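Coordinates in review
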Amino acid sequence: MLQKFYDRAFVFLKLVEQEYASLCQSCVEWESLHLRFLLYYLIRFRITSDKDFYLYHFQTAYRLYLDKYLQEGAILN
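The following paragraphs examine the structure supplied in this document. (Residues numbered from 1 in each chain as written. Predicted model: local features only at pLDDT ≥ 70, side-chain atom pairs only at ≥ 80, totals over all residues. Heavy atoms only, no water.)

**Brief notes about the packing of helix H1 (residues 2-19) against helix H3 (residues 55-72)**
Where H1 meets H3, the closest approach of the two axes is 11 Å, and the angle between their N-to-C directions is 25°. By the angle between their directions, the pair H1 and H3 is classed as roughly parallel. Seen along the crossing, H1 lies across H3 with a hand that is right-handed. Contact with H1, carried on its side by Arg 8, Ala 9, Phe 12, Leu 13, Val 16 and Glu 19, involves Leu 55, Phe 58, Gln 59, Tyr 62, Arg 63 and Leu 66 of H3 and no other residues of that element. When grouped by side-chain class, the residues that make up the contact of H1 with H3 number eight nonpolar, one polar and three charged. (Axes fitted to C-alpha atoms, helices over the stretch in contact; angles between N-to-C directions. Helix = DSSP H or I, 4+ residues; strand = E, 2+ residues; numbered from the N terminus. Parallel < 35°, antiparallel > 145°, perpendicular 65-115°, else oblique. Left-handed = near helix turned anticlockwise from the far one by under 90°. Contact = heavy atoms within 4.5 Å. Nonpolar A, V, L, I, M, F, W, Y, C, P; charged D, E, K, R; others polar.)

Here it is, written out as structure tokens:
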């Protein structure tokens with residue numbers, strides 16, 4: 001199930017990596033961040049099926065998450 005949701009968001013996640021390339025993080029660090037947020041998102045919003053996973057909502061939540069933690073300087077720690 002996790003792989004299915006990750007696949008749906010894959011293009012968006014790669015765009016995020018490009019936009020925030022100035023952070024100079026490795027692919028492994030990005031993958032870790034993406035997966036941690038995806039797990040948080042699925043648990044927080046109790047996503048249990050495809051019909052509950054709205055890509056636009058996920059994208060918006062992820063952007064807010066990145067903006068908040070980039071300001072605090074603790075995103076990839």
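**Quick look at the packing of helix H2 (residues 27-44) against H3**
Orientation of H2 relative to H3, taken along the N-to-C sense of each, is 120°, at an axis distance of 11 Å. Compared by their axis directions, H2 and H3 come out oblique. Note on packing geometry: the crossing formed by H2 with H3 is right-handed. Mapping the contact onto sequence places Leu 33, His 34, Phe 37, Leu 38 and Tyr 41 in H2 and His 57, Phe 58, Ala 61, Tyr 62, Tyr 65 and Leu 66 in H3. For the contact of H2 with H3, a count of residues per class yields nine nonpolar, two polar and no charged.

**Overview of H3**
Given 3.6 residues to a turn, an α-helix orients residues that are three or four positions apart in the same direction. Taking 1.5 Å per residue, 18 residues should reach 26 Å; H3 reaches 26 Å between its end C-alpha atoms and fits that length. For H3, every residue scored as buried is listed here: Phe 58, Ala 61, Tyr 62 and Leu 66. In an axial view of H3, the angular spread of the buried residues amounts to 135°, which keeps them on one side of the axis. Projecting away from the buried face of H3 at angles above 90 degrees are the exposed residues Tyr 56, Leu 64 and Gln 71. Of the surrounding elements, those touching the buried residues of H3 are H1 and H2. (Expected span 1.5 Å × (residues − 1). Buried < 20%, exposed > 50% of the residue type's maximum accessible area, 1.4 Å probe, protein only. Arc of directions from axis to C-beta.)

Function-wise, these values are silent; they only describe arrangement.
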